Amino acid sequence: MSISSCVKQDGIRVFLLITLVIAAITTPALAGEKYLYGSPDLRVAITGTNEFTPGEEATVTVRVENTGLNIVKIARSDIITRDDSPDIAKMMNVGLSPGSAPLTIKSDNQMIGDVHGGSSTTASFTIQFNEDAVAGTYAVPIRIEYTYLSSAEQYADDLIRYTYSTKVIEENLRVVVKPDVRLLITDITTEALNVGTEGYVTLTVQNVGSEDARSATLKIERSGASPLIPTDASAFIGDFSAGTTATRTFKVSVSTNAEPGEYPLTVLTEYKDRNGQIKTSEPRTVGIRTGGKIEFTAISPPAIVSPGQKTTIDVEYKNVGEAPVYRATARISAVDPFTSNDDTAYLGDLAPGETKVARYILNVDSGATEKIYGLDSEIRYRDALDNTQISKTMKVEVEVVPREGGISPMLIGALLVIALAGGYWYYRKRK
């Protein structure tokens, strides 16, 4: 490389270095920012409906909006930019209390974090309204606690001190308890309600709500797996004003698998409100007591019969259940070695604990084995609602014994053999 080329390249390097130095001197430093004024400004409101019914459990969502603005901003190279803006509501905590409203707050206070100016967030609470809540408008106190940047003092180019303050805001949210129809069951009576049968349930209900119901219908429903099954499930009431009572009777059947006891039944009413809208009251569950099953047993001793005879037997039946039966008819099933042309007997009405005697005619086969037999028997009857019912199968004992004063078939056979042998011997002797 020539001397002139080297001198030329060194000149270029010196020129670039001088240009960079001048640029560094003339370019201003990056400016910091700070706000002279501004603070959080919160507003709260319930989102969605604020109308509820007595006894209702609802989730209430509260929206918290920060409308705070930063009014004056300064930007200078000697200012350190703040980490927080004074309009930020930090570490916000929101809580509700019932105040004088007829309700219970079932949720704890909610931590909803930082809310910047111009933004909003929500907090949800579960509220249970009292069943006897009176219709009206109520104030529910809300308390909001948050921290904000109240000042930031800069002491040097690299030192700043923050001061935070805590503020509490207390306001009221408005909730409305709507008028409604609420049922109070004041009396329950039953008739002929036994396990495995159908009976009546009579309910007296009172409208303890604040709504005057129109075209009201009282209804009953099966409660879960309860053995009480409504047969007639609704009864028309008509106008059902607040404070009035109504009595209606329903037909209910009881499962055959149940035991005597008290079982739940759901009661409600469907009606038109003051605006003509169809509404349904809050269901009420009541306990209905049922009696035991209708049962029979054969209490007579075993009937005595003999082979080859037609015999009249008497069987005594007892109503061991808890309800009367009507127009009962007993029947016996004759099986080998028995036959019968008269296997039914009319018993009539039987009250609990009462007994009746049925008379049957049995033909006993001449070759019947001498022992005790068990014949199936059942009773067909009418219950209190005139429904036809059939009892469980009962065993009627019949004992086959030798004829009194007669000769048994085995003895007749033996005598016949002896007579034949004797005749044969006499014949041989004469010959």
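Residues numbered from 1 in each chain as written. Predicted model: local features only at pLDDT ≥ 70, side-chain atom pairs only at ≥ 80, totals over all residues. Heavy atoms only, no water.

### Brief notes about the pattern of salt bridges
Formally: The salt bridge definition used is simple: a Lys or Arg side-chain nitrogen within 4 Å of an Asp or Glu carboxyl oxygen. With a 1.4 Å probe rolled over the protein chains alone, any residue whose accessible area is under 20% of its type maximum counts as buried; one over 50% counts as exposed, and the rest are partly exposed.
Counting across every chain of the model gives 14 salt bridges. Where Arg143 meets Glu145, a salt bridge forms, and the shortest distance between an N and an O atom there is 3.1 Å. Given a relative accessible area of 37%, Arg143 falls into the partly exposed group. Assessed through its relative accessible area of 30%, Glu145 is described here as partly exposed. Between Glu262 and Arg289 there is a salt bridge, and its shortest N-O distance comes to 3.6 Å.

### A short note on the packing of aromatic side chains
The line we're drawing: Centres within 6.5 Å make a pair out of two Phe, Tyr or Trp rings, where for Trp the six-membered ring is used; the pair is then stacked when the planes are under 30 degrees apart, edge-to-face when over 60, and tilted otherwise. Secondary structure counts use DSSP, requiring at least four H or I residues in a row for a helix and at least two E residues in a row for a strand, with both numbered from the N terminus.
Taken as a whole and judged by the stated rule, the model has four aromatic pairs. Geometrically, the ring pair formed by Phe52 and Phe129 is stacked, given 4.9 Å between the ring centres and 25° between the ring planes. With Phe52 in strand S3 (residues 51-52) and Phe129 in strand S9 (residues 119-129), this residue pair connects regions lying 77 residues apart in the sequence. As far as burial versus exposure is concerned, Phe52 and Phe129 are alike and both buried. Judged by centre distance (6.1 Å) and plane angle (50°), the ring pair of Tyr146 and Tyr148 falls under tilted.

### Details of the nonpolar core
What counts here: Take the buried residues of types Ala, Val, Leu, Ile, Met, Phe, Trp, Tyr and Cys, join any two whose side-chain atoms come within 4.5 Å, and each joined set is a nonpolar core.
Leu42, Val64, Met92, Val94, Leu103, Ile142 and Ile144 are the most contacted members of the largest nonpolar core, which has 31 residues in total. At the level of elements, strand S2 (42-47), strand S4 (57-66), strand S6 (89-96), strand S7 (103-105), strand S8 (110-115), S9, strand S10 (136-156) and strand S11 (159-177) are the ones that each hand at least two residues to this core. It is S10 that provides the largest number of residues to this core, a total of five residues. Ranked by size, the runner-up nonpolar core spans 29 residues in total, among them Val305, Ile313, Phe338 and Leu362.

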